[in-house]
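The primary structure of each chain is shown beneath.
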Amino acid sequence: MKKVLLFTALAAALTAGLAHAGEKLVVAATPVPHAEILELIKPALAKEGVDLEIKVFTDYVQPNVQVDQKRLDANYFQTLPYLTSFNEGKGTDLVTVIGVHVEPFGGYSKKIKNLSELKDGATVAIPNEGSNSGRALILLQKAGLIELKDPKNALATPKDIAKNPHNLKFKELESAMLARVLDQVDLDMINTNYALEAGLNPAKDALLIEGADSPYVNFLVARPDNKDSVAIQKLAKALTSPEVKAFIAEKYKGAVLPAF
């Protein structure tokens with residue numbers, strides 16, 4: 001009888017230990033605000049039995065490549081237009097899990113203080129990735145600086161400009177490089193995560209910026225084979241918690257907006 005009780009106790013202890021160890025999730029994120037938000041929810045996930053490991057990347061390609069290759073479980077950094085473009089271009093099948101926040105895309109300058117000061121022939125830096133390029137050009141169109149052949153083309157490039165009355169010159173760069181050339185161009189169209197990393201405050205420093213109605217929500221992204229797993233769903237719930245909403249409001253003060 002004592003042996004049976006001892007065995008039962010050991011089994012219970014082992015089960016408790018496994019439950020405490022939980023499931024590990026390795027998630028890619030860009031530094032700001034994505035990794036910061038993930039760091040916030042690590043303790044809550046640990047209580048739920050999920051051991052969250054955050055891998056920080058400064059580019060938009062490897063996080064998707066490594067999730068597709070199953071070297072990572074998920075990533076959190078991108079919009080749906082970017083994901084769609086990536087899947088089509090790379091032949092991947094990554095899927096959205098849940099939308100978390102919006103980072104209003106903006107235009108910045110150290111040479112002018114108002115768009116009315118932008119001279120003819122000015123140099124404008126924009127992202128060279130399809131969806132981000134389109135996002136920048138659509139914003140420039142809304143500001144009245146250019147006209148696109150298709151005003152709603154989310155994948156527009158400078159080749160899709162129908163009218164360029166100010167003869168603007170476009171410098172196309174990887175998104176991660178844009179903040180580094182702020183001193184070298186007249187207007188710099190920068191993704192908010194990189195603007196924040198560079199010490200810019202989109203709410204104060206941007207000369208033009210998307211509104212809160214921006215369709216470019218940043219998503220948690222995974223694969224079809226794991227998107228519905230218990231651990232991924234716990235992560236999705238934690239990312240859209242009241243705690244995260246309050247953190248975003250206090251930490252980023254309008255530069256990042258909750259999408260839930």
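No experiment lies behind these values; they were computed from the predicted model shown.

> In this structure, what is going on with the pattern of salt bridges? I would like to understand it.
Any two side chains of opposite charge can pair, so long as their charged atoms come close to each other. Tallying each qualifying case throughout the model produces 7 salt bridges. The shortest N-O distance in the salt bridge between Glu53 and Lys24 comes to 2.8 Å. One end of the pair, Glu53, is in strand S2 (residues 50-56); the other, Lys24, is in strand S1 (residues 23-29), with 29 residues separating them in the sequence. With a shortest N-O distance of 4.0 Å, Asp225 and Lys70 are connected by a salt bridge. Residue Asp225 is located in the loop between strand S12 (217-222) and helix H8 (230-239), and its partner Lys70 is located in the loop between helix H3 (62-68) and strand S3 (74-79); the two are separated by 155 residues in the primary sequence. Comparing Asp225 with Lys70 shows no difference in burial state: the two are exposed. A single network of salt bridges, built from pairs that share partners, joins Lys24, Glu53 and Lys55.

> Just checking my understanding: could you explain the domain arrangement of the protein chain for this structure?
A common way to report how large an interface is uses the accessible area buried once the components associate. Entries for the protein chain in the domain assignment read domain 1 (23-103 + 216-258) and domain 2 (106-209). Here domain 1 and domain 2 have C-alpha centroids that lie 26 Å from each other. Taken as a group, Tyr60, Glu103 and Tyr216 account for 40% of the area that domain 1 buries against domain 2, more than any other trio of residues on that side. Here domain 1 and domain 2 share 0 salt bridges between them. Where domain 1 packs against domain 2, one counts 5 residue pairs in polar contact (both at pLDDT 80 or more). When contributions to the side of domain 1 that touches domain 2 are tallied by element, the ones reaching two or more residues are helix H2 (31-47) and helix H4 (80-90). Looking at side-chain class alone, the side of domain 1 that touches domain 2 contains 10 nonpolar, 5 polar and 3 charged residues.

> Before we go on, may I ask you to explain the packing of H2 against helix H9 (residues 242-252) in this structure?
Packed helix pairs are characterised by how far apart their axes lie and by the angle those axes make with each other. It is the contact of H2 with H9, at a shortest axis distance of 11 Å, that shows an interaxial angle of 135 degrees. Between H2 and H9, the angle is such that the two are oblique. Between H2 and H9 lies a crossing whose hand is right-handed. Contacts between H2 and H9 pair Val32, Pro33, Glu36, Ile37, Leu40 and Ile41 from the former with Glu243, Val244, Phe247, Ile248, Lys251 and Tyr252 from the latter. Taken together, the residues of the contact of H2 with H9 break down into 9 nonpolar, no polar and 3 charged.

The rules behind each value
Residues numbered from 1 in each chain as written. Predicted model: local features only at pLDDT ≥ 70, side-chain atom pairs only at ≥ 80, totals over all residues. Heavy atoms only, no water. Salt bridge = Lys/Arg side-chain N within 4 Å of Asp/Glu carboxyl O. Helix = DSSP H or I, 4+ residues; strand = E, 2+ residues; numbered from the N terminus. Buried < 20%, exposed > 50% of the residue type's maximum accessible area, 1.4 Å probe, protein only. Domains from an automatic or database assignment. Buried area = accessible area lost by both parts, 1.4 Å probe. Polar contact = N/O pair within 3.5 Å; in protein donor to acceptor, adjacent residues only side chain to side chain. Nonpolar A, V, L, I, M, F, W, Y, C, P; charged D, E, K, R; others polar. Axes fitted to C-alpha atoms, helices over the stretch in contact; angles between N-to-C directions. Parallel < 35°, antiparallel > 145°, perpendicular 65-115°, else oblique. Left-handed = near helix turned anticlockwise from the far one by under 90°. Contact = heavy atoms within 4.5 Å.

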